[in-house]
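Analysis of the macromolecular model
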Amino acid sequence: MNLKKNRISPMKTSMDQITALCKRRGFIYPGSEIYGGFANTYTYGPYGSLLKKNVKDLWWNMFVENRDDMVGIDGDIFLHPKTWEASGHVGGFNDQLIDCKNCKARLRADHLVEEALGEDCEGKPDEEVTKIIQENKIKCPKCGKQDFTDVRKFNQMFKTPLSKTGDDGHVYLRPETAQAIFLEFKNVIDSCRVRIPFGIAQIGKAFRNEITPGNFIFRQLEFEQMEIEYFITPPAGFTEKREAWMGKPHLDDWPDEAQDYMNQIFSAWEKAMFDWCDLIGLDRKKCHVVEHSAEKLSHYSKRTFDIEFDFPFGQKELYGCAYRTDFDLNQHEKFSGKKLKYRDPQTNEEYIPHVIEPTFGLGRSLLAILTSAYAEETLEDGSQRTVLRLKPKIAPVKIALLPLMKKDGLPELAREIQKQLKIFGYTEYDESGAIGKRYRRQDEIGTPVCITIDYESKDDNAVTIRDRDTMTQERIKISELIDYLKERYFS
Ligand code: GAP
């Protein structure tokens, strides 16, 4: 069957379309459904977990294996509780909480203001945000009343008792993967042949007690991060003037030379982050670089830019890149009493390295990938199809083997070919139903190539390859299949 040209629906992809596809096709299920569900938890199903694994592997490959200046670690979720005092998370990792006294709704104050006034007030003092809400007579989105408490701080870390000792010992679930990297900095420089500049990467879970989780997998309490702490020499003049420079709110307030040095490093990482966006097939028109104002910066940062993405529910943070200065290593040196300085092998100079941190949320990556890849199309014959135009490297199923009939040796031949094609990753065999329906199913899960085995295959030793995006079909000799697929899809 040769379905010719198609027309991409101009309609904007909605969250309903994405969540419906995810559930229907085994990408992402709502968590604990048989118990009536458990809000804001999700399970990655068979195709979702493959997609997630492929994205993680690709990230690791691009940022660790393909570079000479990177190593990786895999740290624990539980770190020594002092870690979080040193890092400033116990004192400063807060959201602004506000309660509606009437309906008891708990809301994030900056989100309340943003939704009501379209104004970004993240980072403004509690009193100021309380005043904005009062003066603008902002109403509770749940009950419509205007009866709020004052804005107050809410620490986002989950704390859990460490009951082994029976005392009041406790641990935190890590709210970012970054800290394990700082804790192991000394071990890495002592045990590996790394020289500054170099980076340490980690992929893992992080946990945040978000006041308003939501928008599917966009904001969760439990999520995965792919983070890099990249260690560099401090800008010239920093060591002598540390206190004065650290007292300034933003890198823009530092001398020009220091700004130029850091901005060059930022540019290189911005490029690398956009190369990554291209690699996973994100729609570039939907990606925007947004600088944080001084008041919005995290307590550890002197400059941060986000890459925001046009999700179906609006332009929101996808990734971030922060200049953490020597803040973290310096704090851990103070709190642990251990020396965390680096000795330059050439100059013998000792210093605490500075850090630039590109950080990537995995769930948000998947949501941006799905938003970019999803299309509903009307074909020339008037029929409809839903297709996920996923890059072959991350597609959960690389190739589908579809024997035209369930008999006469076609299944056996298809299975034999499937065995050879396993070198490309996960493949699927499907012999049930009309071939058109089988194609549609593979289109919906983003399989780039379908291979149809028909009666002629046994005579001409060839199969039909059907391309997901163009829907064109080509006859290829079985003996040439691997080279053809390598070149066209999986190089
Ligand atoms: N170590 C720096 C750090 O954690 P962040 O901006 O707070 O910075 C990094 O988080 C990335 O983690 C974000 O850009 C986003 O992709 C992802 N992320 C943050 N909070 C999240 C949440 N509650 N649910 C899902 N992803 C989240």
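Bear in mind the structure is a predicted one, so any value in this text is a computation, not a measurement.

Further remarks concern the domain arrangement of the chain. Once the domains are mapped, the chain shows domain 1 (1-91 + 156-384), domain 2 (94-155) and domain 3 (397-488). The gap between the C-alpha centroids of domain 1 and domain 2 is 27 Å. Each side of the interface is counted separately: domain 1 has 13 residues, and domain 2 has 15 residues. Buried surface at the junction of domain 1 and domain 2, summed over both partners, amounts to about 1,200 Å²; 41% is from carbon and sulfur atoms. Where domain 1 packs against domain 2, one counts five salt bridges. On inspection of domain 1 and its partner domain 2, the count reaches nine residue pairs in polar contact (both at pLDDT 80 or more). With three residues, the single largest contributor to the side of domain 1 that touches domain 2 is helix H4 (residues 89-92). Grouping the constituent residues of the side of domain 1 that touches domain 2 by class yields three nonpolar, five polar and five charged.

Moving on: the confidence of the model for the chain. For the chain, per-residue confidence averages 95 on the pLDDT scale, and 97% of positions sit at 70 or higher. In this model residues 1-10 is a low-confidence stretch, pLDDT under 50, and it forms 31 contacts with partners more than four residues away in sequence or in other chains.

Right, let's talk about the nonpolar core for a bit. Residues Val 55, Trp 59, Phe 63, Trp 269, Trp 276, Leu 282 and Tyr 319 are the most contacted members of the largest nonpolar core, which totals 70 residues. At 10 residues, the largest contribution of residues to this core is made by helix H10 (residues 256-279). Setting aside anything within four residues of it in sequence, one finds Trp 269 in contact with Phe 63, Arg 67, Ile 228, Tyr 230, Cys 321, Ile 356 and Pro 358.

Turning our attention to unusual backbone geometry. In the segment running from Ile 196 into Pro 197, the intervening peptide bond is cis, with an omega of 10 degrees. Its identity is not glycine, yet Lys 137 carries a phi of approximately 50 degrees, on the positive side. Looking at the element boundaries, Lys 137 is found in the loop between helix H6 (126-135) and strand E7 (152-155).

What follows concerns the site of the ligand. Residues in contact with the ligand amount to 20 residues; listed here are only the nearest, Glu 176, Glu 210, Glu 227, Glu 317 and Leu 318. At a separation of 3.0 Å, an oxygen atom of the ligand approaches a polar side-chain atom of Gln 225. Here an oxygen atom of the ligand and a backbone polar atom of Leu 318 are 2.6 Å apart. Protein contacts shield 92% of the accessible area of the ligand, which totals 550 Å² for the unbound molecule. Element by element, the count of residues in the shell around the ligand is highest for strand E14 (residues 314-325), at five residues.

The next subject is the pattern of salt bridges. Within the structure shown, the criterion is met by 43 salt bridges. We note a salt bridge from Arg 389 to Glu 377, for which the minimum N-O separation is 2.2 Å. Pair noted here: Arg 389 is in the loop between strand E19 (384-388) and strand E20 (399-403) and Glu 377 is in strand E18 (residues 374-379), with a separation of 12 residues, a long-range link. According to the relative accessible area criterion, Glu 377 is buried, its value standing at 0%. A salt bridge links Asp 443 to Arg 385; the nearest nitrogen and oxygen atoms lie 2.9 Å apart. Here Arg 385 lies in strand E19 and Asp 443 lies in helix H14 (residues 435-445), a separation of 58 residues in the sequence. The pair Asp 443 / Arg 385 is uniform in exposure class, with both members buried. One continuous salt-bridge network, built from bridges that share partners, spans Glu 377, Arg 385, Arg 389, Arg 440, Asp 443, Arg 466, Arg 468 and Asp 469.

The rules we used
Residues numbered from 1 in each chain as written. Predicted model: local features only at pLDDT ≥ 70, side-chain atom pairs only at ≥ 80, totals over all residues. Heavy atoms only, no water. Domains from an automatic or database assignment. Contact = heavy atoms within 4.5 Å. Buried area = accessible area lost by both parts, 1.4 Å probe. Salt bridge = Lys/Arg side-chain N within 4 Å of Asp/Glu carboxyl O. Polar contact = N/O pair within 3.5 Å; in protein donor to acceptor, adjacent residues only side chain to side chain. Helix = DSSP H or I, 4+ residues; strand = E, 2+ residues; numbered from the N terminus. Nonpolar A, V, L, I, M, F, W, Y, C, P; charged D, E, K, R; others polar. pLDDT = per-residue confidence, 0-100. Core = buried A, V, L, I, M, F, W, Y, C linked by side-chain atoms within 4.5 Å. Buried < 20%, exposed > 50% of the residue type's maximum accessible area, 1.4 Å probe, protein only. Near = heavy atom within 4 Å. Areas by Shrake-Rupley, 256 points an atom, 1.4 Å probe, with all protein chains shown as cover.

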